[in-house]
Every structure is written in C-alpha cells, then in structure tokens.
Amino acid sequence: MEEEEGPGDGEVVTPFAAEIYAAEAMAADMDPWIVFDSRRTPRSEFDGWLESNRPSQVYRFGDEEGGVSPVGWIAVLGTNHCPSGGDVAGLQESWEKLLASGRPITFQTVKELALNHGVLTGKWLMHLDAGFKLDNAWECVARAALDGKISLVKVSPNNPKEGGKQVICAYNQNFTEENEVIRLDSVIRATGVKCSLTYKPDVYTYLGIYRNNRWKICPTIYESKFDLECVPRRSQIVNKVTNLEVT
C-alpha cells in the first residue's frame, strides 16, 4: 500500500521499514487488478461494476477456500488515460549509481533523476478507514475518471493486516508542474472529497522511498487540507519541500 510519512496507530516502526513497504507495494502491483477501462467498456456497465467491486468488500488476499484470488488494486482508467512513459529501468540504474557515488540524497537529486528519465507522474493519496466513507470517496473519484477529469484512479483492497486503512490514489502526468498538481486537487475536491490528502511522485515509489527511509526524505511533497470555514471553501495546500503554502 502507498504509505505516508507517519506510523499508523499502534504500529511499531522498525529501522528502514521503507524496504518492507516497498516490497508490499511491488507485490500488490504484480497481483491481478480489477480494472474498468472507460476507453473500451460501455459507460452503461459502470454502475454494476462499481457495486460489484466496492473496495471495502474486496479483500487483498482473497479467499483460498472460496476460490477467490488475491487482488492488487481496483482501478478506473479515464477516457484520456495513456500508459505512463519514462525509462524506469534507466531511472533505477542511475539511482544505484547515485547511491554508490556518495552524493547526498535529497528531493532535488531525485527530481533530477526523474526529469532525466521522464518518470514524472504522481498521485494524490487519500487514506481512509474501510467502510462507507471509503466506498463513497472511491465512487466520487472513480466517476471523475469515468468523465475524463482524472486519467487514472486506483484503490487498495481491504487488508485486515493494514489495520482497516485503505488508500485511494488519483494520478496526474507531471509532479514538477505545481499548477497541474493543484488543479488535480481541485478536481478531487469538486467530487465532494474533504479528507486530508498527500501527494507523492511516482519516482519515489519506483525507488523505494517510503516512510522511515534510510535517507530521511519525506515520502510526500504536498499536503492538502480542506478548509470548511473559509468562504468559499477551498483546499490549503502546503509544499512540504519548501514548507510554503501554495494556495
């Protein structure tokens, strides 16, 4: 599961637990996904698909006795979805060379690698307890993808080992374009989602930069909190690299 920087309730953090989170995320990516591809599947089938695959009712490791297979992610591909480009293998090779060089590992050095290899996608993350609120938030962003407002959204299946928490991810094309990141937050908020969000570049995921990593890099670069008291209501977004408000 995509991770934020803080430990969960009752969680014991072990040194360099980032490696464990990275391995878990890779395993989820490799297991079968449940996907609605709005580029190919009739829109009329969406409601039935959504009802049959509510994330709080789909289990990460399935049910071996019942013949239900593990599920890595549940995803909706938007009408404008294009598979993310970039040279991930080259990125990881350059990362190993950077580690061997002894140069400091910072947001800027990782960003440089991402730009050099065209690995620029990123996602807003929503961590919610399994249940109605999660299913409702998922339906909101899934419909936005169906309408072509988000290129890709995905949600982790229910995994009791995660303490009942699940994560929704909504993607954009370029984490280095701050206006694009802010615009995606606006799209998410317009669907009715009001929970706190954090933003993570995919380059961090590919390089195993999760919370409690050995380089002490914060694994998310923006945080969005919805201000219910502001008129009009809006997100307050902080760039966690510069510690500056951007909205």
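Calculation criteria
Residues numbered from 1 in each chain as written. Predicted model: local features only at pLDDT ≥ 70, side-chain atom pairs only at ≥ 80, totals over all residues. Heavy atoms only, no water. Phe/Tyr/Trp six-rings, centres within 6.5 Å; stacked < 30°, edge-to-face > 60°. Helix = DSSP H or I, 4+ residues; strand = E, 2+ residues; numbered from the N terminus. Buried < 20%, exposed > 50% of the residue type's maximum accessible area, 1.4 Å probe, protein only. Pairing = 2+ DSSP bridges.

Visitor: How would you sum up the packing of aromatic side chains? Please name residues and give values.
Guide: In total, this model carries eight aromatic pairs according to the counting rule given. Centroid distance Phe36 to Trp49: 5.5 Å. Interplanar angle 55°. Geometry classified as tilted. Of this pair, Phe36 sits in strand β1 (residues 34-37) while Trp49 sits in helix α2 (residues 46-52), placing them 13 residues apart in sequence. Per residue, the accessibility class of Phe36 equals that of Trp49, and both read buried. Three or more aromatic residues joined by ring pairs form one cluster here, namely Phe36, Phe46 and Trp49.

Visitor: Help me get a handle on the pairing of strand β8 (residues 234-239), residues and values and all.
Guide: Here strand β7 (residues 222-227) runs beside β8; their pairing, made up of six bridges, is antiparallel. When the bridges of β8 are listed, Lys225 appears paired with Gln236. Hairpin connection from β7 to β8: six residues lie between these consecutive antiparallel strands. The pairing of β8 with strand β9 (residues 244-245) spans two bridges and is antiparallel. Each bridged residue has a counterpart across the sheet, and for Asn239 the counterpart in β9 is Leu244. Here β8 folds back onto β9, and the loop between the two strands holds four residues, one of which, Asn243, carries a positive phi near 60°.

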